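# Structural description and commentary
The lines below spell out each chain.
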Amino acid sequence: AQSVSQHNHHVILSEAASLELGCNYSYGGTVNLFWYVQYPGQHLQLLLKYFSGDPLVKGIKGFEAEFIKSKFSFNLRKPSVQWSDTAEYFCAVNRGQGAQKLVFGQGTRLTINP
Amino acid sequence: EAQVTQNPRYLITVTGKKLTVTCSQNMNHEYMSWYRQDPGLGLRQIYYSMNVEVTDKGDVPEGYKVSRKEKRNFPLILESPSPNQTSLYFCASSYSGRGTHGELFFGEGSRLTVL
């Protein structure tokens, strides 16, 4: 079965620390990759996405992610986090089949201490 | 403003009392879907719809019904709610078809408690 794994369930960092959240998926071939963010009490918003081309993609608020096909990974990074980055982050993958086949990871809760 | 609107945002109900959570989008999206979010489990798809009158089960459809009579609306129906349906529910929509990639637009969520 298709699966998406986010190995970090809860990450706690101090402001200005660097961030990397892991995301791995379990199938090969063409994939579309997404990171969504959910701020406390809010709905999910798209942070960034990868469909094709440059495997290093930049999103909003200084986030970026790198698609490494050989490792089946799409890790999210930010060089210097802020308190306002406190949120839950979800990785999602589909096999180029559209939204109906989008599979979400379990989510990673990120807490930034001021 | 492009948006997905869910109602109610919060609801406390009792076991067995039928309820409907409405979802409406103004982006003319063909695809709509319902997810439930539970701690440690991420988002799990309940039902989805590729277009009007076309619906299909997701990963956790038991205890839920949906309908898609109009393109903009996709209500979620709990005929006889049970406590294990206590959850945070999200409606989402997207363009579908060839050339689309599955980027979803989410509603603000409906927190349901079944006593």
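This section reports on the structure supplied with the text. None of the values given here were measured: they were computed from a predicted structure.

What counts, and at which threshold
Residues numbered from 1 in each chain as written. Chains lettered and ligands numbered in written order. Predicted model: local features only at pLDDT ≥ 70, side-chain atom pairs only at ≥ 80, totals over all residues. Heavy atoms only, no water. Contact = heavy atoms within 4.5 Å. Buried area = accessible area lost by both parts, 1.4 Å probe. Salt bridge = Lys/Arg side-chain N within 4 Å of Asp/Glu carboxyl O. Core = buried A, V, L, I, M, F, W, Y, C linked by side-chain atoms within 4.5 Å. Buried < 20%, exposed > 50% of the residue type's maximum accessible area, 1.4 Å probe, protein only. Helix = DSSP H or I, 4+ residues; strand = E, 2+ residues; numbered from the N terminus. Polar contact = N/O pair within 3.5 Å; in protein donor to acceptor, adjacent residues only side chain to side chain. Phe/Tyr/Trp six-rings, centres within 6.5 Å; stacked < 30°, edge-to-face > 60°.

## Focus on the interface of chain B and chain A
Across the contact, 21 residues belong to chain B and 21 residues belong to chain A. Here chain B packs against chain A, burying approximately 1600 Å² in sum over the two surfaces, 58% of which is carbon and sulfur. Here chain B is connected to chain A by 1 salt bridge. Across the salt bridge formed by Lys49 of chain A and Glu103 of chain B, the nearest N and O atoms sit 2.7 Å from each other.

## Things to note about the nonpolar core
Among the nonpolar cores identified, the biggest contains 29 residues, and Trp35, Phe74, Leu76 and Tyr89 of chain A are the most heavily contacted of them. Among the elements of the structure, β2 (10-14), β3 (19-21), β5 (32-38), β6 (44-50), β8 (64-68), β9 (73-78), β10 (87-94) and β12 (108-113) of chain A are those that each provide at least two residues to this core. A per-element tally of this core places β10 of chain A first, with 4 residues. Leaving out residues up to four positions away in the same chain, Tyr89 of chain A has contacts with Gln6, Leu21, Trp35, Tyr36, Val37, Leu47, Phe63, Leu76, Gly107, Thr108 and Leu110 of chain A. Listed in part, the 19 residues of the second largest apolar core include Val4, Ile46, Tyr47 and Cys91 of chain B.

## Some remarks on the pattern of salt bridges
Throughout the structure, instances matching the rule amount to 10 salt bridges over all chains. Residue Asp38 of chain B is joined to Arg44 of chain B by a salt bridge in which the shortest nitrogen-to-oxygen separation is 2.8 Å. Relative accessible area serves as the criterion here: at 10%, Asp38 of chain B is assigned to the buried category. Judged by relative accessible area, Arg44 of chain B falls into the partly exposed class, the value being 26%. Each member of the salt-bridge network shares a partner with another, and the members are Lys58, Glu64, Glu66 and Arg77 of chain A.

## Considerations on the environment of Asn84 of chain B
Residue and element names in this part refer to chain B. Looking at the secondary structure, you find Asn84 in the loop between β8 (76-78) and β9 (87-94). Overall, Asn84 belongs to the exposed group, its relative accessible area being 58%. Polar side-chain contacts of Asn84 include one of 2.6 Å to the side chain of Ser82.

## A closer look at the packing of aromatic side chains
Summed over the entire model, instances satisfying the criterion amount to 13 aromatic pairs over all chains. Here the aromatic rings of Phe104 of chain A and Phe106 of chain B are separated by 6.2 Å at their centres, their planes lie at 70°, and the arrangement is edge-to-face. Highlighted residues: Phe104 of chain A in strand β11 (residues 103-104) and Phe106 of chain B in strand β10 (residues 105-106), drawn from two different chains. For Phe104 of chain A, a relative accessible area of 8% corresponds to the buried category. On the accessibility criterion, Phe106 of chain B (6% relative accessible area) is buried. Ring geometry for Tyr64 of chain B versus Tyr89 of chain B: centroids 5.9 Å apart, planes at 65°, classification edge-to-face. Taken as a pair, Tyr64 of chain B in the loop between β6 (54-57) and β7 (65-66) and Tyr89 of chain B in strand β9 lie far apart in primary sequence, 25 residues in all. Across the pair, exposure class does not vary: Tyr64 of chain B and Tyr89 of chain B are buried alike. An aromatic cluster is built from Phe34, Tyr36, Phe51 and Phe104 of chain A together with Tyr35, Phe90 and Phe106 of chain B, whose rings are joined through pairwise contacts.

Function cannot be read off these values alone, since they describe shape.
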